[in-house]
Amino acid sequence: MKNALLFALFFLSMRCSYCQIIKMENGYVITNMKTRKFNILHHNVSSYSGLMGVDYLYRKWFYLSSEVGYMKIGGQETNKNLQIVDSADYKAYESWNYGQLNTTLRVKHDFDNLEVFLGAGPYLNILLGSDRFHSHLYANSGYKAKRLNFGSKMEIGLTGNFHRIRVGLNGAYFLSLSPIAKSQYTSIVYKGYGIFLSLG
């Protein structure tokens, strides 16, 4: 795990040697989960996400953007058919902390000091803590979170330059292409939505 995080920092520092813009992003992310056969933890969980990144290899119509940072991924559900002491409804909540490394190709169009872009590219999530499920419903179910998870990030946004300061706002969609968790019998995937404010 330490090696994976060191690689992520090395990856970012290499790009800083020829990047044009260094930025910080702070945002709000909503995630939920499911299997292909049935709903599980399919209600939204929301949390803070923070990333540090670089924009580089600028061309007339596009550039690359790479980021490394933190994201919480999870889901929750309420099952009215299951009851425990002093509770009419049963609620299950699961979440895990991940480090994320992503790179997107951004196609852009400039309007004076304003830039509008569409982006897409891969991401890699690295689990930062325990792989266990903790809720009463799933603690002994055999499910475990995966240490590594990859997928696709799609984004739309705009940036503006104000006296050598670059401010941006973008929305992102995270589509899992590998399981976020597995048991002996099935796999769980997730999807996420985020809105981020950047300063560079």
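Small disclaimer: the values here were computed from a predicted structure and weren't measured.

### So, the pairing of strand 10 (residues 187-199)
Right, on to step 1. Here strand 10 shows one buried face, formed by Ile188, Tyr190, Gly192, Gly194, Phe196 and Ser198, and one open face, formed by Ser187, Val189, Lys191, Tyr193, Ile195, Leu197 and Leu199.
Right, on to step 2. Inspection of the sheet shows strand 1 (residues 21-34) paired to strand 10 by eleven bridges, in the antiparallel sense. Residue pairing for strand 10: Asn32 is matched across the bridge by Lys191.
Right, on to step 3. Alignment of strand 8 (residues 165-176) against strand 10, held across nine bridges, turns out to be antiparallel.

### Describing the nonpolar core
Right, on to step 1. Counting 24 residues, the largest nonpolar core has Phe133, Ile180 and Ile188 as the members making the most contacts within it.
Right, on to step 2. Apart from residues lying up to four places away in sequence, Ile188 is in contact with Met33, Lys34, Thr35, Ile40, Phe133, Tyr143, Pro179, Ile180 and Ala181.

### Focus: the pattern of salt bridges
Right, on to step 1. Summed over the entire model, instances satisfying the criterion amount to nine salt bridges.
Right, on to step 2. For Glu25, the salt bridge is made with Arg106, and the minimal N-O distance between the two is 4.0 Å. With Glu25 in strand 1 and Arg106 in strand 4 (residues 90-111), the pair connects residues that are 81 residues apart, well separated along the chain. Grouping residues by exposure puts Glu25 and Arg106 together as buried.
Right, on to step 3. Between Asp110 and Lys108 there is a salt bridge, with the nearest N and O atoms lying 2.9 Å from each other.

### What to know about the pairing of strand 5 (residues 114-127)
Successive side chains on a regular strand alternate, one facing one side of the sheet and the next facing the other.
Right, on to step 1. Relative to strand 5, strand 4 is paired through twelve bridges, and the arrangement is antiparallel. Bridging across to strand 5, Gln100 finds its partner in Asn125.
Right, on to step 2. With antiparallel pairing between neighbouring strands as the criterion, strand 4 and strand 5 make up a hairpin whose turn holds two residues, including Asp112 at a positive phi of roughly 55°.
Right, on to step 3. Two elements, strand 5 and strand 7 (residues 148-162), share 13 bridges in a ladder whose sense is antiparallel. Looking at strand 7, one finds that Tyr123 is bridged to Gly151.

### Focus on the environment of Leu105
Right, on to step 1. In this fold, Leu105 is placed in strand 4.
Right, on to step 2. Judged by relative accessible area, Leu105 falls into the partly exposed class, the value being 40%.
Right, on to step 3. Between the C-alpha atoms of Leu105 and Gly119, which are 14 residues apart in sequence, the distance is 5.3 Å.
Right, on to step 4. Discounting chain neighbours no more than four positions away, the residues touching Leu105 are Phe62, Tyr63, Leu64, Leu118, Gly119 and Ala120.

### Section: the side chain of Asn102
Right, on to step 1. Locating Asn102 in the fold gives a position in strand 4.
Right, on to step 2. Within polar-contact distance, the side chain of Asn102 engages the side chain of Gln100 at 3.0 Å.
Right, on to step 3. Look past the residues within four positions of Asn102 in its chain and what remains in contact with it is Leu51, Ser65, Ser66, Glu67, Pro122, Tyr123 and Lys153.

### Points about a nonpolar patch on the surface
Right, on to step 1. On the surface, Tyr28, Phe111, Leu114, Val116, Leu158, Phe162, Ile165, Val167, Leu169, Ile195, Leu197 and Leu199 cluster together into a nonpolar patch covering about 1,100 Å² of accessible area.
Right, on to step 2. One can find Leu169 in strand 8.

Criteria and cut-off values
- Residues numbered from 1 in each chain as written.
- Predicted model: local features only at pLDDT ≥ 70, side-chain atom pairs only at ≥ 80, totals over all residues.
- Heavy atoms only, no water.
- Buried < 20%, exposed > 50% of the residue type's maximum accessible area, 1.4 Å probe, protein only.
- Helix = DSSP H or I, 4+ residues; strand = E, 2+ residues; numbered from the N terminus.
- Pairing = 2+ DSSP bridges.
- Core = buried A, V, L, I, M, F, W, Y, C linked by side-chain atoms within 4.5 Å.
- Contact = heavy atoms within 4.5 Å.
- Salt bridge = Lys/Arg side-chain N within 4 Å of Asp/Glu carboxyl O.
- Polar contact = N/O pair within 3.5 Å; in protein donor to acceptor, adjacent residues only side chain to side chain.
- Patch = residues over 30% accessible without salt bridge, like charges linked within 9 Å, V, L, I, M, F, W, Y side chains within 5 Å.
- Areas by Shrake-Rupley, 256 points an atom, 1.4 Å probe, with all protein chains shown as cover.

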